[in-house]
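Residue strings, one per chain:
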Amino acid sequence: MSSVNVSFSQNISIVHPQYFFIIGLSGIPHSTYYYIFLFMIYFVTIFGNSVVLLIIALHRSLHSPKYIGVFNLALADIGETNALIPNMMRTFLFDSQYISYNACLANMFFVFFFSSLQSVTLLVLAYDRFIAICLPLRYHAIVNNTSMVLVFPAIWAFNSSIVALMVSLITRLSICESNVIQSYFCDHGPVFRLACNDYNLNRSVGFVITSLYLIAPLVIIFLSYLGIFLALSRITSWERRLKALKTCVSHLLLVGIYFFPICFTYLAQLLLALTSNARVISTSLAYVVPPMLNPIIYVLNTAEIKILLRKMLDNRSSPIRDNISK
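From a predicted model like this one, the values you see are computed outputs, not experimental measurements. (Residues numbered from 1 in each chain as written. Predicted model: local features only at pLDDT ≥ 70, side-chain atom pairs only at ≥ 80, totals over all residues. Heavy atoms only, no water.)

**Student:** Hey, could you go over the overall build of the protein for me, with residue numbers and the actual values?
**Tutor:** Looking only at helices and strands, one finds 10 helices and five strands in the protein. Considering the protein as a whole, with its 326 residues, one finds that 46% of them fall into the buried category. Sequence separation of at least 24 residues holds for 77% of the intrachain contacts in the protein that already meet a minimum separation of 6. As displayed, the protein offers around 16,900 Å² of accessible surface, 68% of which is attributable to carbon and sulfur atoms. Counting 20 positive and 11 negative side-chain charges, the protein places the averaged centre of each group 11 Å from the other. (Helix = DSSP H or I, 4+ residues; strand = E, 2+ residues; numbered from the N terminus. Buried < 20%, exposed > 50% of the residue type's maximum accessible area, 1.4 Å probe, protein only. Contact = heavy atoms within 4.5 Å. Areas by Shrake-Rupley, 256 points an atom, 1.4 Å probe, with all protein chains shown as cover. Lys, Arg positive; Asp, Glu negative; His and termini not counted. Charge placed at Lys NZ, Arg CZ, Asp CG, Glu CD.)

So, in structure tokens, the structure goes:
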């Protein structure tokens, strides 16, 4: 694909391609069905997270610190899904694998930005559970609606600045040997490795981003739950232990389905030297499946949301029963 006639814009010694070519899945028969499967995941994700957003927004009983965090997570899930899947549909399902240089950088920013929001939101929710169980008498003084409303805009501003820095550093690279991205979106690593000048700074920033939004949150969440389990071990009543632990089940499931697939994919790439197709499939599933499962987990495992859904269904069915009885 490096021989494809692609126009280049050159500014002094920096060379930028006008377009990139995203390779996606190559040499796999019927790969179209995989993209259709991802499109089905897209609809389930948007619908499920939109329902969670509406339920939290419309019911004042859910206007609490925990559900402000869940609301932010649903927003991040919708944002990441919209940054990934529609672009993949346009690129691969309709054979439009070229993407302009600026559009590629924009795609890179939004995917990594919303992914970073997911990671940090799970960390904030872990902090919420830690304070609720380890410092229950001080919970409402430390974690309240005001603090959450202040924390999340700060997270959005900080994450957008860090990810914008990472993306802006791509512009210092000369992409002059190839314009083929060995991924399914404008991934940071595959893009900076196309450079023919020094990209050690980009590699270092990529490592910092991975440490900041993958390794550090996972370690802190692990330590917070270590503190939670130590606090639970001091409770003499098994009933009280189980009651406290049940409040953590949904969050633990969310942490597991977000971090473990991504960590497994990274380790597999390092240890097994995955093929390009195996990397595309494993990474894409690691990105798109958790946002689909998050609202399902919260609806099935959160008593408050289940009670509200039952009330909504009962309110809708009662007029129907009244009409039938008449």
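**Student:** Lay out the confidence of the model for the protein with the relevant residues and their values.
**Tutor:** Model confidence for the protein is summarised by a mean pLDDT of 86, while 92% of its residues fall at 70 or above. Helix 5 (residues 145-168) holds the highest mean pLDDT among the elements of the protein, 95, whereas strand 1 (residues 8-11) holds the lowest, 45. Every residue in residues 1-12 scores below 50 in pLDDT, and together they form 22 contacts with partners more than four places removed in sequence or on other chains. (pLDDT = per-residue confidence, 0-100.)

**Student:** Before we move on, could you go through the packing of aromatic side chains and cite the residues and values that matter?
**Tutor:** A complete count under the given rule lists 19 aromatic pairs for this structure. Within the aromatic cluster, the residues linked to one another by ring pairs are Phe109, Phe110, Phe113, Phe114 and Trp156. We note Arg241 situated over the ring of Trp238; from NZ or CZ to the ring centre the distance is 4.6 Å. (Phe/Tyr/Trp six-rings, centres within 6.5 Å; stacked < 30°, edge-to-face > 60°. Lys NZ or Arg CZ within 6 Å of the ring centre and 35° of its normal.)

**Student:** An account of the side chain of Ser284 is needed here, citing residue identities and associated values.
**Tutor:** Locating Ser284 in the fold gives a position in helix 9 (residues 276-301). Since its relative accessible area comes to 0%, Ser284 is described here as buried. Among the polar contacts listed, one links the side chain of Ser284 to the side chain of Tyr34, at a separation of 2.5 Å. Excluding its chain neighbours within four sequence positions, the residues that come into contact with Ser284 are Tyr34 and Tyr184. (Polar contact = N/O pair within 3.5 Å; in protein donor to acceptor, adjacent residues only side chain to side chain.)

**Student:** How would you sum up the state of the cysteines? Please name residues and give values.
**Tutor:** What the rule picks out here adds up to two disulfides. Residue Cys104 pairs covalently with Cys186 via a disulfide, S to S 2.1 Å. Residues Cys104 and Cys186 are joined by a disulfide whose S-S torsion is about -130°; by sign, that bridge is left-handed. Here Cys186 lies in the loop between strand 5 (180-181) and helix 6 (188-192) and Cys104 lies in helix 3 (residues 101-134), a separation of 82 residues in the sequence. Under the relative-accessibility criterion, Cys104 is labelled buried at 0%. (Disulfide = S-S within 2.5 Å.)

**Student:** Provide a residue-level description of the UniProt feature "domain: G-protein coupled receptors family 1 profile" (unreviewed entry) in the protein, including the pertinent values.
**Tutor:** Following the UniProt record, the feature "domain: G-protein coupled receptors family 1 profile" (unreviewed entry) maps to residues 48-298 here. End C-alpha atoms of residues 48-298 are separated by 10 Å, and the span's content is 79% helix alongside 2% strand. (UniProt positions renumbered as here; feature names shortened; annotations may be inferred.)

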